[in-house]
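Remarks on the overall topology
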Amino acid sequence: MEKKVKRIGVLTSGGDAPGMNAAVRAVVRTAHANGIECIGIRRGWQGLITSDFVTLDRGSVGHILSRGGTILYTARSKDFMTEEGRLKAVSTCKMLGLDGIVAIGGDGTFRGALELSRLGVPVVGIPATIDNDLGCSNYTIGFDTACNTAIECIDRLRDTMSSHERCSVVEVMGRNAGFLALYVGIAVGATAVLVPEHEIDFERDVVERIRDSRLAGNTHFMIVVAEGAGHAMDISAKIKEAVGIDPRVTVLGHIQRGGSPTARDRETATRMGYYAVEALVEGRFNCVIGTKEGDIVEIPIEEALQMKKHLQMNRYKIMEAMQLGSSAR
Ligand code: F6P
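Parameters at a glance
- Residues numbered from 1 in each chain as written.
- Predicted model: local features only at pLDDT ≥ 70, side-chain atom pairs only at ≥ 80, totals over all residues.
- Heavy atoms only, no water.
- Domains from an automatic or database assignment.
- Contact = heavy atoms within 4.5 Å.
- Buried area = accessible area lost by both parts, 1.4 Å probe.
- Helix = DSSP H or I, 4+ residues; strand = E, 2+ residues; numbered from the N terminus.
- Expected span 1.5 Å × (residues − 1).
- Bend = angle between axes of the 7 residues up to and from the residue.
- Buried < 20%, exposed > 50% of the residue type's maximum accessible area, 1.4 Å probe, protein only.
- Near = heavy atom within 4 Å.
- Polar contact = N/O pair within 3.5 Å; in protein donor to acceptor, adjacent residues only side chain to side chain.
- Nonpolar A, V, L, I, M, F, W, Y, C, P; charged D, E, K, R; others polar.

1. Side note on the domain arrangement of the chain
Under the domain assignment, the chain is made up of domain 1 (7–142 + 261–306) and domain 2 (144–257). The centre of domain 1, based on its C-alpha atoms, is set 34 Å off from the matching centre of domain 2. If you look at the interface, domain 1 gives 14 residues, while domain 2 gives twelve residues. Summed over both partners, the interface of domain 1 with domain 2 comes to about 1,100 Å²; 50% of that surface belongs to carbon and sulfur atoms.

2. Focus: helix H7 (residues 202–215)
Counted at 1.5 Å a residue, the expected span for H7 with its 14 residues is 20 Å, and the 18 Å between its end C-alpha atoms agrees. At Glu208, H7 is bent by approximately 35°, the largest bend along its length. By the burial criterion, the buried members of H7 are Phe202, Asp205, Val206, Val207, Arg209, Ile210, Asp212 and Ser213. Against strand E6 (167–172), strand E7 (192–194), strand E8 (221–226), helix H8 (232–243) and helix H11 (313–321) lie the buried residues of H7.

3. With respect to the site of the ligand
All residues adjacent to the ligand are Arg76, Thr129, Ile130, Asp131, Met173, Gly174, Arg175, Glu227, His254 and Arg257. Side-chain polar atom of Arg76 to an oxygen atom of the ligand: 2.6 Å apart, as the coordinates give it. The backbone of Gly174 places a nitrogen or oxygen atom 3.1 Å from an oxygen atom of the ligand. Per-class residue counts for the shell around the ligand are two nonpolar, three polar and five charged. Inspection of the shell around the ligand shows a minimum of three residues originating in each of domain 1 (7–142 + 261–306) and domain 2 (144–257).

4. Structural notes on the side chain of Thr70
Its place among the elements puts Thr70 in the loop between strand E3 (53–55) and helix H3 (83–96). Here Thr12 takes part through its side chain, which lies 2.8 Å from a polar atom of the side chain of Thr70. In terms of polar contacts, Thr70 uses its side chain to reach the backbone amide nitrogen of Leu72, at 3.1 Å. Not counting chain neighbours up to four residues away, the residues in contact with Thr70 comprise Thr12, Asp16, Met20 and Asn21.

Here it is in structure tokens:
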């Protein structure tokens, strides 16, 4: 017979992402709907080591659905990377009587979850990162909001860039992945987009695109660069040297991680939170709740960590094809 789940923990770890609160709320409310107590572990895996927790009743997660950030705080725990730290975390789980943990975050969070599961603590992961770089899930919570935030910023930049007939180089986050940069680049009609997945030929991918655009009549240019593909300052200097214009540089930075989550992030986070608790209740654990073509799927953590997601290079072609002056090539 399945062990009855009486109390679970929930935590957020790694870089925060808009929609994490929506996921926490869904976990708490689904747990209570199933007669399960819920404990919030603060500051990610570190909180499990230091026994930093808060009890969460249904009301405690009211009015957080629309809030960015995470009410549970987040951290990247170095202590959890040590065996000593992990054993302390297991002790906390025992002391609190936790029958399972729902861990919300990215690949670092899931690596921690895997280690904990190996020590006998049942865990379920929920993918949340603005980078959208997890192979186990088509979609990660926070990506849509981050895209929209970046788009809003770049639209504003475009206003002043077009008035002054300038070139803008905008650096977006994404760690080693170009999802954010490419989706945003398509959505703002960028002159060029630099992503780590596409080997950069500066002359072809930047200089020629600016030149083509100018020849087609444009007098302002928007270059979007993924942080994993290079630094905006360097790209700007190279543009200045190659075409003699003086680009303005904007590094969007952590602004992309904040803000109220979009409908997609709220809805996805709520579904993932619901299914994470359902899985624990039904005796399925040590898995990640992902999405595949919009549907929820459960993938064993170990397998989830091996899965790779590739940037769809047809999207890169689409971005290129949208340029006014691209017919020359
Ligand atoms: O993984 C999310 C992310 O925002 C990345 O896009 C970025 O490279 C990194 O976190 C920044 O981390 P920190 O918040 O530690 O500066």
